[in-house]
Structure formats: C-alpha cells, structure tokens
Amino acid sequence: MSAEDYLNGQVILIDKPLHWTSFQAVNKLKYVLINKLGLPKKFKIGHAGTLDPLATGLLLVCTGKFTKRITELQGQAKEYTGTFYMGATTPSYDLETEINENFSISHIDEALILETVNQFLGEIDQKPPIYSAIKKEGVRLYEHARAGETVEIATRKTTIHEFQITRIALPEVDFRVVCSKGTYIRSLAFDFGKALASGAHLTALRRTKIGNYDVKNALEVTFFEDNLLSND
C-alpha cells in the first residue's frame, strides 16, 4: 500500500509481542511508516483497545482517517484465552507483582470449577485492579499502587458473554472468555479464585478477537516492518 492508502485510513492487525506496551507497538508502526513511506510526522495513528505488557495478541492499529473508528472498534466484544494460577494472589492480579498470599486448593475439583463459571456469565460488577491505568482524581491507579497508597476503587458493570474452561491441571486452569469493553481479565482471575473460596492470579493472557477481527490474520511487528514495501 502507498502512503496515500495509510492517510486515507487502514486498520492494521498486529500480534502484540510479550512485554511490549500497546503504545510501543503503535510508535514502532508510526516510525516505520514515516521512515519507509515518507508519511508526515504528525499523521494520525492509534490503537483500539490497550493490551497490558504481559499480554499478547490482537491489537488493532488505525491510521489516517480511520482513527475516527477507534471508539467504534473499542466497543466491540473481545475474546481472550489464558491461564489462571489457583491458590495464590498478587497485588496486581497477574505476574507484574510477587505473590502476597497463598490459599488452599485441596477442596477444588473440576465440578466446582465448572459450576463456579456460571456465577460470572452475563452482566457482573467488577472492580478494576489497583495496578491499572484508570485515573482517580487525575492520577493513574498504578501510580497510587506503586506509591503504597490505599485507594477506594468503584465497581463497574461489565458483561461476560462466554466463559469456557479449556484445561484443568491444578494449580493451573486455562480459559476462553468473550466479554464486553472495559472487562479486566486480571480482575476476573482474582474474583474467580475468591468465588472458589481460595485465591487466583493471571499468569498468561492472549487477545484472540475483537469483533470480527481475528489474531489469526494479524502480523508481527517485525514482519510488518520487513514487508511494508514488498508489494509496491
């Protein structure tokens, strides 16, 4: 595609690598487009839905006139796969922080896990993690957390359309979730462990779909960079 194509608007499907922020992925694409196609430095580019650094998978990057579609794309249902680690919690609800409490899992079996899934289907109240980018009084929650400050976090409504357990090998439980905008899978891990009278945290997460967009059709950042001009 030409520079004009990207200015007129494209949705680029990227498979975000582990440990990259969504911002880094977008910045890398912007750098490549500017330096390989000569796009102006101020051309519009952005992503439709943040992925945490410890998550991989589908990132929709909109360019040019299609940045106007970001809000629309962010509102579509999202599918994730991943792993809960049962019997331990962390302050961040994932591997960003160390385990802070351990719990028994001797009472947990497959039947109880599958039964508990039903508690999370449909509209639920969910509290975002303290280690998140949500702002409270102008300060991001993770900044409060890293400063050791206690902050009251309000619950919010979210919808779990599908919640499937795909593997049970305690203490690990693999899952697939289809959910609405604003759902925190880390919070789902924490709440799921609590509902099992235990604890849990997220150890792996991959976004596989946003609406009809599928990670199977996504490009790695390095592949995009290496092949940008191959069809010109």
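Relevant structure appears above.
A few points on the structure. What you see as residue numbers is a count from 1 along each chain, following the sequence as written. Owing to the predicted nature of the model, reporting of local features is limited to residues with pLDDT of at least 70; listing and counting of side-chain atom pairs is limited to 80 or more, with chain, interface and lining totals taken over all residues. Side-chain measures here rest on the full set of heavy atoms in the structure, leaving out hydrogens and waters.

**Here's the deal with the overall build of the chain**
- Each helix is a run of DSSP H or I of at least 4 residues and each strand a run of E of at least 2, with the numbering of both proceeding from the N terminus. When helices and strands are tallied, the chain shows 7 helices and 13 strands.
- Each residue's exposure class comes from its accessible area (1.4 Å probe, protein chains only) as a fraction of the maximum for that residue type: buried when under 20%, exposed when over 50%, partly exposed otherwise. Split into buried and exposed, the 232 residues of the chain put 46% on the buried side.

**Focus: helix α2 (residues 22-37)**
- Between the first and last residue of a helix there are one fewer steps than residues, each counted as 1.5 Å, and that sum is the expected span. For α2, spanning 16 residues, the distance from its first C-alpha to its last is 22 Å, which sits close to the expected 22 Å at 1.5 Å a residue.
- The set of residues buried in α2 consists of Ser 22, Ala 25, Val 26, Leu 29, Val 32, Leu 33, Ile 34 and Leu 37.
- Note on definitions: a residue-residue contact is assigned when non-hydrogen atoms from the two residues lie within 4.5 Å. Looking at the packing, one finds that the buried side of α2 touches α1 (3-8), β1 (10-16), β2 (45-47), β3 (56-63) and α7 (221-227).
- Two residues or fewer after α2 comes Gly 38, characterised by a positive phi angle close to 75°.

**Observations regarding the environment of Pro 17**
- Among the secondary structure elements, Pro 17 is positioned in the loop between β1 and α2.
- Residue class for Pro 17 comes out partly exposed when judged on its relative accessible area of 26%.
- Between the C-alpha atoms of Pro 17 and Leu 59, which are 42 residues apart in sequence, the distance is 10.0 Å.
- Contacts of Pro 17, omitting those with residues within four sequence positions, involve Pro 53, Ala 55, Thr 56 and Val 221.

**Comments concerning the environment of Leu 39**
- Looking at the secondary structure, you find Leu 39 in the loop between α2 and β2.
- Leu 39 sits in the buried class, given a relative accessible area of 4%.
- Spatially, the C-alpha atoms of Leu 39 and Leu 7 are 8.1 Å apart, while their sequence positions differ by 32 residues.
- The contacts of Leu 39, once residues within four sequence positions are left out, are Ala 3, Tyr 6, Leu 7, Leu 33 and Ile 34.

**Focus on the nonpolar core**
- The biggest cluster of nonpolar side chains holds 25 residues, and the ones touching the most others in it are Phe 84, Phe 163, Phe 175, Val 177, Ile 185 and Phe 192.
- Listed by contribution, the elements that provide at least two residues to this core are β4 (78-86), α4 (110-117), β10 (156-169), β11 (172-179), α6 (185-195) and β12 (200-210).
- In this structure Val 177 touches Lys 78, Glu 79, Tyr 80, Ile 160, Glu 162, Phe 163, Ile 185 and Leu 188, once residues within four positions along its chain are discounted.
- The nonpolar core is taken to be a set of buried Ala, Val, Leu, Ile, Met, Phe, Trp, Tyr and Cys residues, with the residues joined through side-chain atoms within 4.5 Å. Core analysis: the next-biggest nonpolar cluster, separate from the first, contains 18 residues, Tyr 6, Ile 14, Phe 43 and Leu 228 among them.

**Some thoughts on the environment of Glu 123**
- With respect to the helices and strands, the residue Glu 123 is situated in strand β7 (residues 122-126).
- Here the alpha-carbon distance between Glu 123 and Lys 157, two residues 34 residues apart in the chain, equals 6.6 Å.
- Residues contacting Glu 123, with those up to four places away along its chain left out, are Lys 157, Thr 158 and Thr 159.

**Details of the pairing of β11**
- Counted residue by residue, β11 has 7 buried out of 8 residues, so it is predominantly covered.
- Bridge count for β4 against β11 is 8 bridges, and the pairing is antiparallel. Paired with Tyr 85 across the bridge in β11 is Glu 172.
- When β10 meets β11, the two strands line up antiparallel, connected through 8 bridges. Residue pairing for β11: Ile 168 is matched across the bridge by Val 173.
- Between β10 and the antiparallel strand that follows it, β11, lie 2 residues. We call two strands paired when DSSP finds no fewer than two bridges between them.

**A few points about the pairing of β10**
- Bridging between β7 and β10 involves 5 bridges; their strand directions are antiparallel. Note that in β10 the partner of Ile 124 across the bridge is Thr 158.

**A short note on unusual backbone geometry**
- For the bond running from Leu 170 to Pro 171, omega is 15°, close enough to zero to count as cis.
- Non-glycine residue His 19 carries a positive phi angle of around 80°.
- Mapped onto the elements of the fold, His 19 is located in the loop between β1 and α2.
- Its identity is not glycine, yet Ala 197 carries a phi of approximately 55°, on the positive side.

**Some points on the packing of aromatic side chains**
- Working definition: a ring pair exists when centres of Phe, Tyr or Trp rings (six-membered ring for Trp) sit within 6.5 Å. Plane angles under 30 degrees give stacked, over 60 give edge-to-face, the rest tilted. Taken as a whole, this structure holds 7 aromatic pairs when the rule is applied.
- When the centroid spacing of 6.5 Å and the interplanar angle of 80° are considered together, the rings of Phe 84 and Phe 163 count as edge-to-face. Within this pair, whereas Phe 84 is found in strand β4, its partner Phe 163 is found in strand β10, the two being separated by 79 residues in sequence. Exposure class is identical for Phe 84 and Phe 163. Each is buried.
- Joined through ring pairs, the aromatic side chains of Phe 84, Phe 120, Phe 163, Phe 175 and Phe 192 make up one cluster.
- Taking NZ or CZ as reference, Arg 69 lies 5.4 Å from the ring centre of Phe 66, over its face. By definition here, charges over rings are those cases where NZ of Lys or CZ of Arg is within 6 Å of the ring centre and within 35 degrees of the ring normal.

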